[in-house]
Amino acid sequence: MTLPFPFPPIKVIDAEKLALIELGPGILGSDVPRVALDKETNRLLLPIVLMYPPLSQFDFIQAASEDTCLLDHLTEMFSQPAPWDPEIIYNSPLAMSAYILPINEAILNDEQKERNIYRVNLRTPLCHLLGSVIKCYELGILAVYILPNTEEKKRFEHKFKDYKVLDI
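Every chain is numbered on its own, with residues counted from 1 as its sequence reads. Reporting in this predicted model follows two pLDDT cut-offs: at least 70 for local features of residues, and 80 or more for side-chain atom pairs to be given and counted; totals over whole chains, interfaces and linings ignore these cut-offs and use all residues. With hydrogens and water excluded, all non-hydrogen atoms of the structure serve as input to the side-chain values.

A. Here's a closer look at the side chain of His-73. Secondary structure counts use DSSP, requiring at least four H or I residues in a row for a helix and at least two E residues in a row for a strand, with both numbered from the N terminus. Position of His-73 among the secondary structure elements: in helix H2 (residues 70–77). Two residues qualify as a contact provided that any one of their heavy atoms is within 4.5 Å of a heavy atom in the partner residue. When sequence neighbours within four positions are dropped, the list of residues in contact with His-73 reads Ile-61, Ala-64, Thr-68 and Leu-126.

Now the structure itself:
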């Protein structure tokens, strides 16, 4: 049986990807990239803020492919010492740890707080984080805390000692 007119192909996007795409403009306004679908590859492009708490610095990745992992980005960023890191505490991506927190807890009451923190394996592809961390998106941008495996990491973990650590 031949249909009277051709139907356009239907692209299937799972619910998690669709929810991320529909989050809207990023925290800095409409000029900041948001989660988007690369129409050529059918892969998500995610805006990510990598925060370095000990030095009050950050890097902004406008469009990280869901196929990449944090280690890919950190390796590129730290191929040379960062100018804002005079003591070079961020000396090797393999000596760093990554954490993601649920949405801004300052706006939640005690009953709403999730009390979880996600410790992310740097080699985990970003697409494997989507189901776990979709609730961690802050107005369309994923914020990842990057810490050197030093005393700073222990201080950060102590700050969240009452939280359940979930490894992803």
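That covers the picture; the talk isn't over yet.
B. Summary view of the nonpolar core. Residues belong to a common nonpolar core when they are buried Ala, Val, Leu, Ile, Met, Phe, Trp, Tyr or Cys residues joined through side-chain atoms within 4.5 Å. A simple rule labels every residue: compare its accessible area, found with a 1.4 Å probe on the protein chains alone, to the largest value its type can have, and call it buried under 20%, exposed over 50%, or partly exposed in between. Within the largest apolar cluster, 27 residues are counted, with the highest numbers of intra-cluster contacts made by Ile-48, Leu-50, Leu-70, Leu-74, Val-144 and Ile-146. Considering each element in turn, this core owes the most residues, five residues, to strand E2 (residues 43–52). Residues within four places of Ile-48 in sequence aside, it is in contact with Asp-59, Phe-60, Ile-61, Ala-64, Leu-126, Ile-141, Leu-142 and Val-144. Judged by nonpolar contacts, the second largest core, of seven residues, contains Tyr-99, Leu-147, Phe-156 and Tyr-163.

C. Quick look at unusual backbone geometry. Positive phi is not limited to glycine here, since Asn-42 has a value of about 60 degrees. As for its placement among the helices and strands, Asn-42 is situated in the loop between strand E1 (36–38) and E2. Notably, Ser-56 is not glycine yet its phi reads approximately 50 degrees, a positive angle. For Ser-56, the location among the structural elements is in the loop between E2 and strand E3 (57–65).

D. Up close: the packing of aromatic side chains. Side-chain rings of Phe, Tyr and Trp, where Trp is taken by its six-membered ring, are said to pair if the distance between their centres is within 6.5 Å; with planes under 30 degrees apart they count as stacked, over 60 as edge-to-face, and otherwise as tilted. The full count for this structure, using the stated rule, is 10 aromatic pairs. Centre to centre, the rings of Tyr-52 and Phe-78 are 5.6 Å apart; their planes meet at 90 degrees, and the pair counts as edge-to-face. You can see Tyr-52 sitting in strand E2 and its partner Phe-78 sitting in the loop between H2 and strand E4 (96–100), a full 26 residues away along the chain. For the pair shown, Tyr-52 and Phe-78 are each scored as buried. Within the aromatic cluster, the residues linked to one another by ring pairs are Tyr-99, Tyr-145, Phe-156, Phe-160 and Tyr-163.

E. Local environment of the confidence of the model for the protein chain. Overall, the predicted model of the protein chain reaches an average pLDDT of 76, with 67% of residues at or above 70. The predictor rates its confidence in each residue with pLDDT, a number between 0 and 100. Within the protein chain, H2 carries the highest mean pLDDT (94), whereas helix H1 (residues 15–21) carries the lowest (47). Counting contacts from residues 1–30, a segment whose pLDDT is below 50, to residues more than four positions away or on other chains yields 38 contacts.

F. The arrangement of the environment of Thr-41 in detail. In this fold, Thr-41 is placed in the loop between E1 and E2. A sequence separation of 24 residues divides Thr-41 from Ser-65, and the C-alpha atoms of the two residues are 9.8 Å apart.

G. The arrangement of H2 in detail. Taken as a whole, H2 has its buried residues at Leu-70, Leu-71, His-73 and Leu-74. For H2, the arc enclosing every buried residue in end-on projection is 160 degrees, short of the 170-degree limit, so these residues lie on one face. In the core, the buried residues of H2 are packed alongside E2, E3, E4, strand E5 (116–120) and strand E6 (142–148). Taken from the helix axis, the directions to the C-beta atoms give the arc we talk about.

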